[in-house]
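Here is how the chains run, residue by residue.
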Amino acid sequence: MTKRDFVSVEDWSDAEIDALLALATRIKAGEVLGGLERKVMAMVFMDPSLRTRTSFETAMFLHGGHAVVLEPGKSSWTLETEPGAVMDGATVEHIQDAARVLGRYADAVGIRSFPRGTDWSAVREDRIVRDFARFCEKPVINLESSRRHPCQQLADALTLREKLGQPEGKRFVLMWSWHPKALPTAVPASAALAAAHQGMEIVIARPDGYELDPEDTGLIRRIAQERGGEFVHIINDPDEAVVGADVVYVKSWGSLRHFGQAEAESAFRSGLRDWRLTAARLRSTRQGKGLVMHCLPVRRNVEIDDAVLDGPSSVVVDEAENRLHVQRALLLELLGRGSA
Ligand code: CP
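Calculation notes
Residues numbered from 1 in each chain as written. Predicted model: local features only at pLDDT ≥ 70, side-chain atom pairs only at ≥ 80, totals over all residues. Heavy atoms only, no water. Disulfide = S-S within 2.5 Å. Buried < 20%, exposed > 50% of the residue type's maximum accessible area, 1.4 Å probe, protein only. Helix = DSSP H or I, 4+ residues; strand = E, 2+ residues; numbered from the N terminus. Pairing = 2+ DSSP bridges. Phe/Tyr/Trp six-rings, centres within 6.5 Å; stacked < 30°, edge-to-face > 60°. Lys NZ or Arg CZ within 6 Å of the ring centre and 35° of its normal. Axes fitted to C-alpha atoms, helices over the stretch in contact; angles between N-to-C directions. Domains from an automatic or database assignment. Contact = heavy atoms within 4.5 Å. Buried area = accessible area lost by both parts, 1.4 Å probe. Salt bridge = Lys/Arg side-chain N within 4 Å of Asp/Glu carboxyl O. Polar contact = N/O pair within 3.5 Å; in protein donor to acceptor, adjacent residues only side chain to side chain. Nonpolar A, V, L, I, M, F, W, Y, C, P; charged D, E, K, R; others polar.

### Thoughts on the state of the cysteines
- Tallied over the full model, the rule gives zero disulfides.
- Free cysteine Cys-136: the closest other cysteine sulfur is in Cys-151, separated by 15 Å.
- Since its relative accessible area comes to 2%, Cys-136 is described here as buried.
- Unpaired in terms of disulfides, Cys-151 finds its nearest cysteine sulfur in Cys-295, a separation of 13 Å.
- Its relative accessible area of 0% is what places Cys-151 among the buried residues.

Right, here's the structure in full:
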């Protein structure tokens, strides 16, 4: 029997993703109960979380199952991720052994591992989550890796459908924002892919030097076009970018030109603090009512102003809630009655 992983939305067919979103809608309406009795999910958090951890623990509980959370370096052993490492340093257990063992205890295993190191050409292979899936005999769920946050992508897709009715052809602006730290590109790439899958018109607004990985940009363009949408263009101006937007998805990410070099990246982004979603910019969106999305956590009055986040256009809390519903659907698909 072959197992099914959820490492990237693009590993699944459009029909499978549409079915997951339809199931999530039924779950949200209270139409689906149980289905995960005596099932266990183990989650390895190599980086912190509020939403991902809580929503998966809640999802397992709601359907009769159980979740176990491991935090390497805190309550569980530090994990080595380098293949072939001579482990005479600080790390105690190799991730390939952890993956094998957790696969014997649990029915699904999730892993969160943000980018590490200074070599984007290596990190962009997303090897940690893919190796973990290779060594684990049970379905592996990506809880955010170097390249993708597929559970966030599902929640964003559901939110776009709920809020826009028919997202096709509507304008989605992915807007870079300043942030005190260089953040990963997994969420912005995944969010734009969610909009592309919905056939939206995609605009990416970011300063020069903040290009996404070209493979991601190419994929966003291709999927948007295949789904009847359009990849409009890349804009280096936050005022111009938001004009006529139906959705502004605000997100910060680090310059890949300075990947893993915190000081150089910090200097590179100095002078870009004006990249922030303000009430004035929101007024330039379509009829001044463009939706505001963000995966959270958000730095208030740094990425998005209070007046915007607390105003009627903001759907960030609904978006976070949808994490729970799409993940319930995903778990039922991977582990529930009727799954392989
Ligand atoms: N959006 C998201 O993944 O939130 P957490 O980092 O809190 O899990």
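Moving on from the model shown.
### Observations regarding the pairing of strand β8 (residues 201–205)
- In terms of burial, β8 is largely enclosed, as five of its five residues are buried.
- Taking every second residue as pointing to the same face, both faces of β8 are buried, with Glu-201, Val-203 and Ala-205 on one and Ile-202 and Ile-204 on the other.
- Taken together, the five bridges between strand β7 (residues 171–176) and β8 define a ladder with parallel strand orientation. Considered in β8, the bridge of Val-173 is made with Val-203.

### Topic: the packing of aromatic side chains
- Counted according to the given criterion, the structure contains six aromatic pairs.
- Taking NZ or CZ as reference, Arg-273 lies 4.3 Å from the ring centre of Trp-178, over its face.

### Brief notes about the sheet that holds strand β5 (residues 108–112)
- One open sheet holds the four strands; their spatial order is β2-β1-β5-β6, and the pairing between them is parallel. Sheet topology places β2 (66–70) and β6 (140–142) at the edges, where each strand pairs with a single neighbour. Along the sheet, successive strands turn relative to each other by an average axial angle of 20°, direction set aside.

### Regarding the domain arrangement of the chain
- We note that the domain assignment places domain 1 (9–148 + 323–335) and domain 2 (152–319) within the chain.
- The distance between the C-alpha centroids of domain 1 and domain 2 comes to 25 Å.
- Taken together, the contacts link 27 residues of domain 1 with 30 residues of domain 2.
- Each partner contributes to the roughly 2,400 Å² buried at the junction of domain 1 and domain 2, and carbon and sulfur atoms together form 57% of this total.
- Run the count over domain 1 and domain 2 and you get 10 salt bridges.
- Residue Asp-216 pairs with Arg-147 through a salt bridge whose shortest N-O separation is 2.8 Å.
- Here domain 1 is connected to domain 2 by 13 residue pairs in polar contact (both at pLDDT 80 or more).
- Elements represented by at least two residues in the side of domain 1 that touches domain 2 include exactly α1 (14–28), α4 (120–123) and α13 (316–335).
- Among the residues making up the side of domain 1 that touches domain 2, the classes are represented as 10 nonpolar, five polar and 12 charged.

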